[in-house]
Amino acid sequence: MNPETLEASPEALAARVPDGAMVALPPDNSLPSVALAKALIRRGARGLRLLGVPVSGFATDMLIGAGCVAEVQTSAVSLGEAGFAPASPPR
């Protein structure tokens, strides 16, 4: 593994994620996923397919709200102590 990749900024990582990519996000207790989500939103990412590993949380909710997500595969979207994320009606 390239050591430079391990030290990349969230913006540098977000630039390497193409629109339509599948992105695996860890649970909320892993704060780097929130930093990456914010960088993807700033980049204007679109059509992302998210995979909750094993559940999705705040970062997923942020990306959905920003219009970056086309699909989510997860067992649940939880906002921790705040409870489950609200479900949107089908479009």
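Here, the structure is the one placed above.
Given the structure is predicted, the values throughout are model-derived calculations rather than measurements.

## Details of unusual backbone geometry
A cis amide bond links Val53 to the next residue, Pro54, at an omega of -10°. Along the chain, Pro54 turns up in the loop between β2 (48–52) and α4 (58–65).

## Brief notes about a nonpolar patch on the surface
A grouping of Met22, Leu51 and Val53 is seen on the molecular surface, where their side chains present a nonpolar patch of about 220 Å² in accessible area. Looking at where Leu51 falls in the secondary structure, it is placed in strand β2.

## Quick word on helix α3 (residues 32–43)
Taking 1.5 Å per residue as the helical rise, α3 with its 12 residues ought to reach 16 Å, and the 16 Å between its terminal C-alpha atoms agrees with that figure. Along α3, the positions that sit buried rather than exposed are Ser33, Val34, Leu36, Ala37, Ala39 and Leu40. Next to the buried residues of α3 lie α2 (10–15), β1 (22–25), β2 and α4. Gly44 occupies a position one or two residues after α3 and carries a positive phi of about 85°.

Thresholds applied
Throughout, residues of each chain are indexed from 1 in the direction in which the sequence is written. Given that the model is predicted, a residue must reach a pLDDT of at least 70 before its local features are reported, and side-chain atom pairs must reach 80 or more before they are shown or counted; all residues, however, enter totals for whole chains, interfaces and linings. In computing side-chain properties, one takes all heavy atoms of the structure into account and sets aside hydrogens as well as water. Strands here mean DSSP runs of E at least two residues long; helices mean DSSP runs of H or I at least four residues long; both are numbered from the N terminus. Surface patches are drawn from residues lacking salt bridges whose relative accessible area is over 30%; two like charges belong together within 9 Å, two nonpolar side chains (Val, Leu, Ile, Met, Phe, Trp, Tyr) within 5 Å. For accessible areas, the Shrake-Rupley method is used with a probe of radius 1.4 Å. Any residue's cover is judged against the shown protein chains and nothing else. Counted as salt bridges are all cases of a side-chain nitrogen of Lys or Arg within 4 Å of a carboxyl oxygen of Asp or Glu. For a helix, the expected span equals 1.5 Å multiplied by the number of residues minus one. Burial here depends on accessible area, computed with a 1.4 Å probe over protein chains only, as a share of the maximum for the residue type. Under 20% is buried, over 50% is exposed, and the range in between is partly exposed. Contacts are assigned to residue pairs with any non-hydrogen atoms lying within 4.5 Å of each other.

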